[in-house]
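Commentary on secondary and tertiary structure
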Amino acid sequence: TSWNSRMSGKKSSADNYKQALKFCAQSAWRLGRWDELEMYSSLLVAQSTNRISPSSKEPRATNLPKLDYDGAFYCSVLHIHRAEWDEAAKSIDCARKAMDSRFTALLAESYKRAYPSMVAAQELSELEEIVSFRQFEMRTNSEIKLHAANRHDEKQARQRQHLLDVWRQRLDGCRVDAEVHSSILAVRSLVLGPTDEVDATITLSALSRQAEAFQLAERTLLDPLDKMGCSLNSPIFGVGISPTLGLGLTVNP
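Residues numbered from 1 in each chain as written. Predicted model: local features only at pLDDT ≥ 70, side-chain atom pairs only at ≥ 80, totals over all residues. Heavy atoms only, no water.

1. Description of the packing of aromatic side chains
Centre-to-centre distance and the angle between the planes together describe a pair of aromatic rings. Let me state the cut-off plainly: Here the aromatic set is Phe, Tyr and Trp, taking the six-membered ring for Trp, and pairing holds for ring centres within 6.5 Å; pairs whose planes are under 30 degrees apart are stacked, those over 60 apart are edge-to-face, and all others are tilted. Counting from the N terminus, the helices are DSSP H or I runs at least four residues long and the strands are E runs at least two residues long. For every residue, the accessible area (1.4 Å probe, protein chains only) is compared with the maximum for its type, and the residue is labelled buried under 20%, exposed over 50%, or partly exposed between those bounds. Geometrically, a charge over a ring is one whose NZ (Lys) or CZ (Arg) sits within 6 Å of the ring centre while staying within 35 degrees of the ring normal.
Scanning all chains against the criterion turns up five aromatic pairs. Measuring from ring centre to ring centre gives 6.2 Å for Trp29 and Tyr74, while their planes differ by 75°; the resulting arrangement is edge-to-face. Here the residue Trp29 occupies a position in helix 1 (residues 2-30), and Tyr74 occupies one in helix 3 (residues 69-81), the gap between them amounting to 45 residues. Take Trp29 and Tyr74: they sit in the same class, and that class is buried. Against the face of Tyr115 rests Arg175, its NZ or CZ located 4.0 Å from the ring centre.

As C-alpha cells, then:
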C-alpha cells in the first residue's frame, strides 16, 4: 500500500507539472512571447519522451517514447511562426497521431466528452491550412519584382478571402463557448491581423463577459487596438472632441 501511495503521488506530481507547463506555453503563445514558448514547448517534449513505463509488457520495439499532443501542438505553432514549414507539418502529424486513440475512445462514450478533442482536430486542420496559405503567400510575394501583368496579387487576395469565408462558416457551427472561440481564434491569429475578424472578436468578448471572465473580455478588445497603435482615449472613439459638436464622450475626472 505504501509503495502504491508513493507511485500515485509521483504520478500526480508529474501530471501537475505537465499541466503547469501547458498553461505556461499557452500563456506565452497568447502574449506573443516566442522565446518563452520555445522553452515551455521544449520542456513538454522532454517530459513526454521521458515518460516510459518500465513495467510495460509490450515488446521493446513498440515501447518507445511518443510525443504527446500538447508538446507537438505548441511545437507546430512555433514552427509556423518561424516559417519552418516541414517541421511544422511533422509536428502537426505527431499531434494528430497522439490524440487519435483518445479521441476514438471519447467519441464512443459521448459527443459532449469528445467535443474538446473535435475542436483540437479542427485546430490541427486549420494549422495545415495556415501552412498552405503562408507558403502560397511567400511564393506570390517573391514575385513582387515582376511586371504587373505577371503578378498574382488578385489571386492572393481571393485565396485569403476564401480562407476567411470558410473559417467564418466553420466558427458559426462551433459551440457558443468562450473557451472554444478563444482557442480557435488564437490559432487563426497566426495568419490573420487584428482587423480581419472584428465580428468574431466582439463575439468572443461578449461570451467572455457572460462567463464572467471579465479580464479576458477586456483583453480581447484591447489587444487588437494595441496592435493597431490605437487607444481608447483617442478622438476616433469620441474622446477629446468638443462637446459642442455632440459627437464626443464626457469623461469625468
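There's plenty left to go through after this.
2. Let's talk about the packing of helix 3 against helix 4 (residues 85-109)
For the record, the criterion: Orientation is described by axes fitted as lines to C-alpha atoms, over the contacting stretch for helices, and by angles from 0 to 180 degrees between their N-to-C directions. Should an angle fall under 35 degrees it is called roughly parallel, over 145 degrees roughly antiparallel, and 65 to 115 degrees roughly perpendicular, with every other angle called oblique. Throughout, a crossing is termed right-handed when the near helix is turned clockwise from the far one, and left-handed when it is turned anticlockwise from it by less than a right angle. Throughout, a contact is declared for two residues whenever any of their heavy atoms are within 4.5 Å. Under the grouping applied here, Gly and all other residues not named as nonpolar or charged are polar, the nonpolar ones being Ala, Val, Leu, Ile, Met, Phe, Trp, Tyr, Cys and Pro and the charged ones Asp, Glu, Lys and Arg.
Across the interface, helix 3 lies against helix 4 with an axial gap of 8 Å and an inter-helix angle of 160°. In terms of their interaxial angle, helix 3 and helix 4 are classed as roughly antiparallel. Taken as a pair, helix 3 and helix 4 cross one another with a handedness that is left-handed. Residues Tyr69, Ala72, Phe73, Cys75, Ser76, His79 and Ile80 of helix 3 pack against Trp85, Glu87, Ala88, Ser91, Ile92, Cys94, Ala95, Ala98 and Met99 of helix 4. Class assignment of the residues belonging to the contact of helix 3 with helix 4 gives a composition of twelve nonpolar, three polar and one charged.

3. Things to note about the nonpolar core
Definition in use: The criterion is simple. A nonpolar core is a set of buried Ala, Val, Leu, Ile, Met, Phe, Trp, Tyr and Cys residues joined through side-chain atoms within 4.5 Å.
With 33 residues, the main nonpolar core has Trp29, Leu37, Phe73, Ile80, Leu124 and Leu127 as its most contacted residues. Looking at this core, the elements with two or more residues in it are helix 1, helix 2 (34-50), helix 3, helix 4, helix 5 (111-141), helix 6 (153-172) and helix 7 (178-188). Excluding its chain neighbours within four sequence positions, the residues that come into contact with Phe73 are Trp29, Ala95, Glu123, Leu124, Leu127 and Val187. Ranked by size, the runner-up nonpolar core spans eleven residues in total, among them Tyr115, Val119, Cys174 and Leu185.

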